[in-house]
Amino acid sequence: MTDQPWTRERVLDAMRGRLTVSCQAYPGEPMRDPRTTAQVVRSVVAGGAAAVRVQGLDDVAAAVAAVDVPVVGLWKDGSDGVFITPTLDHAVAVARAGAHVVALDGTRRPRPDGRTLAGTVARLREAADVLVMADCGSAGDARAAEDAGVDLLGTTLAGYTGERPRTDGPDLGLVDEVVAACTLPVVVEGRVHTPAQAAQALARGAFSVCVGTAITHPTTITGWFARALP
């Protein structure tokens, strides 16, 4: 661990061209425990992850205490519509839990607290010195999120908002569109299942790649193999 603060420049330098690993377990699963999350976080950092993405306040705090890499924090509340850090209160709580980057729903859909994305970002910056990552579902979302003042654009919600079909792998077409339309760093996230897909995303102009299920969700990975057997 170092005492050097995670400034905006230091966070972006750490993530540029490198791998972020999402370390999340769903409610009710055996691995859904902050202590387990911390162990998984340590493991992926030992393997070369430059940053981690973690869900839940206790898990964010555990990850920050466990490793000296940028922690992208979020709070999922609900399961439909806007549920990734859906309100300003959620975002402030994630920041106060220690996240260096707060990931939130970056779509143009109505937010549960009635605030605009721009208003949420502005108030969050008043409350905490953090970066903001917008999880987007389309190029239109990304352009609006850039105008709203975020720091990073993610393709996290591609195929989940009704604007684009859900691709089998990462939505590289969306990567092309966002890279062409926006100036902010683009983080490719969502259905990146192989190292080749991760490398391809970077070759298309992505700033960083975030991989979750294929690395840290053994239930799903086991299912892939089980279903492949006769």
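Calculation rules
Residues numbered from 1 in each chain as written. Predicted model: local features only at pLDDT ≥ 70, side-chain atom pairs only at ≥ 80, totals over all residues. Heavy atoms only, no water. Axes fitted to C-alpha atoms, helices over the stretch in contact; angles between N-to-C directions. Helix = DSSP H or I, 4+ residues; strand = E, 2+ residues; numbered from the N terminus. Parallel < 35°, antiparallel > 145°, perpendicular 65-115°, else oblique. Left-handed = near helix turned anticlockwise from the far one by under 90°. Contact = heavy atoms within 4.5 Å. Nonpolar A, V, L, I, M, F, W, Y, C, P; charged D, E, K, R; others polar. Buried < 20%, exposed > 50% of the residue type's maximum accessible area, 1.4 Å probe, protein only. Pairing = 2+ DSSP bridges.

**Considering the packing of helix α6 (residues 139-148) against helix α7 (residues 172-181)**
Packed helices, taken two at a time, are described by their axes: the angle between them and the distance between them. In the contact formed by α6 and α7, the axes pass within 9 Å of each other and the chain directions differ by 30 degrees. In terms of orientation, α6 lies roughly parallel with respect to α7. Between α6 and α7 lies a crossing whose hand is right-handed. Seen from α6, the contacting residues are Ala139, Ala142, Arg143 and Glu146; seen from α7, they are Leu174, Glu177, Val178 and Ala181. The residue makeup of the contact of α6 with α7, split by class, is five nonpolar, no polar and three charged.

**Some details on the environment of Arg18**
Among the secondary structure elements, Arg18 is positioned in the loop between α1 (8-15) and β1 (19-22). Classification of Arg18 as partly exposed rests on a relative accessible area of 43%. When the C-alpha atoms of Arg18 and Arg111 are compared, they prove to be 31 Å apart, with 93 residues separating the residues in sequence. Those residues in contact with Arg18 that lie beyond four places of it in its chain are Gly48, Ala50, Phe207, Ser208 and Val209.

**Remarks on the sheet that holds strand β7 (residues 186-189)**
To summarise the sheet geometry, strands pair through backbone hydrogen bonds and adopt either a parallel or an antiparallel arrangement. Strand order in the closed barrel made by the eight strands is β1-β2-β3-β4-β5-β6-β7-β8, with parallel pairing throughout. The average angle at which neighbouring strand axes cross in this sheet is 25 degrees, direction not considered. Looking at chain direction, strand β3 (residues 71-74) and strand β4 (residues 101-105) are connected through two bridges and run parallel. The partner of Val72 across the bridge, within β4, is Val101. Against the sheet, α1 engages β1, β2 (51-55), β4, β5 (131-135), β6 (152-154), β7 and β8 (208-211), with an angle of about 50 degrees to β5. Those strands touched by helix α2 (residues 34-46) are β1 and β2, and its axis lies near 160 degrees from that of β2.

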